[in-house]
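Summary of structural features
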Amino acid sequence: MTTQAATAETAAHAAPPFGTVPAPMMAAVETTDGEFGELRVGPVEELRLHPFAHVLHYGSAGFEGLKAHRGTDGVVRLFRHEANVARMRRTAELLHLPRPPAALLDEAIRAAVAANLEVAPPAPGALYVRPLLFGTEPNIGAAAAPSKDAQLLVLCSPVGDYFAGGGRPLTLQVETDLPRTTPQFGEAKAGANYVMALGPTLAAKAAAGVDQVLFAPDGYVQETGAANFLLIDDDRVVTRALDSSFLHGITRDSVLTIARDLGYRVEERDLPVDELLAWGGEAALSGTAAVLAGVGALVHDGRTIAINGGEVGHNTQRLREALQAIQRGEAEDAHGWTTPIS
Ligand SMILES: Cc1ncc(COP(=O)(O)O)c(C=O)c1O
């Protein structure tokens, strides 16, 4: 076995909690007067940050999450990273941070993966890639002003399955009062959105022992704290239509595209909680980390409702496998979603 393969094997088998293992190298770019400079690739190390930095006071931080998958052929492929580039530029716009040029973000992501190829584990593990952008302008008086300067980092981490138990069906608490975040900011992948969802999520976990909260403010399903939500049966896939209130998941879009390819009818529309509670088919969460994770039960108003008899459904499994086969280079990449890195 080569050193590379041995390192990758170790990373996959040890399976430490998702995101806790830093890959050794990172890519970094800073701005000067709002203009992005040279891309540097070097070892992961502590940052030098001025204590007056905008991000520390006013939360000007956004990020991305994507994966590079090592196929059975040994090749490591990024999955739809151009979509993450576009989404990060949208987040930067909503945070009023300097927007990294698409070509620079693309190059930074590829460079970070290329520098960490040795620790990219085989499936079902992957190299998780975490671009991060934050406001560095040292000005604690800028409560109502954007940060003129920013730092971009691309970090990587070898990961296994996100949800403990892998394919175990999940239980979701349906939250019809609180939104996950403010409606005009749901589309941003901003750190602040995640701390906003934390309180309701921790409370639901403590009170009802659920895995996640499904936010459905005003009686219409949005998403969970870190994944999109889909209803699936033998004929169709139903999910909320895109709007500014929730994150436009790249896995969501990929699953809908694959579903159409496989002959399912895709309905992107409002999804009332009443329809959800009466649904006779399957339900799943989609996301880079979750892939397509089956939902086995919903908790609503203290009542537990089984979904698909508490089992992960066969359509969910089929769509998940079809997606993973493309990611791993085992199926034809008809939509040009993968980029090999060497
Ligand atoms: C709030 C939220 N919704 C949805 C998603 C799914 O997005 P994607 O499929 O691009 O990973 C994520 C990230 O995984 C997320 O954090």
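Residues numbered from 1 in each chain as written. Predicted model: local features only at pLDDT ≥ 70, side-chain atom pairs only at ≥ 80, totals over all residues. Heavy atoms only, no water.

1. With respect to the domain arrangement of the protein chain
According to the domain assignment, the protein chain contains domain 1 (3-159) and domain 2 (170-327). Here the C-alpha centroids of domain 1 and domain 2 sit 26 Å apart. Counting residues at the interface gives 20 residues for domain 1 and 19 residues for domain 2. Summing the contributions of domain 1 and of domain 2, the shared interface buries around 1700 Å²; its carbon and sulfur component is 61%. Its largest share of buried area at the contact with domain 2, domain 1 owes to Phe63, Phe79 and Arg87, together 35% of the area lost on that side. Linking domain 1 to domain 2 there are two salt bridges. A salt bridge links Glu187 to Arg90; its shortest N-O distance comes to 2.9 Å. The biggest single contributor to the side of domain 1 that touches domain 2 is helix α3 (residues 81-95), with seven residues. Considering only residue class, the side of domain 1 that touches domain 2 consists of nine nonpolar, five polar and six charged. (Domains from an automatic or database assignment. Contact = heavy atoms within 4.5 Å. Buried area = accessible area lost by both parts, 1.4 Å probe. Salt bridge = Lys/Arg side-chain N within 4 Å of Asp/Glu carboxyl O. Helix = DSSP H or I, 4+ residues; strand = E, 2+ residues; numbered from the N terminus. Nonpolar A, V, L, I, M, F, W, Y, C, P; charged D, E, K, R; others polar.)

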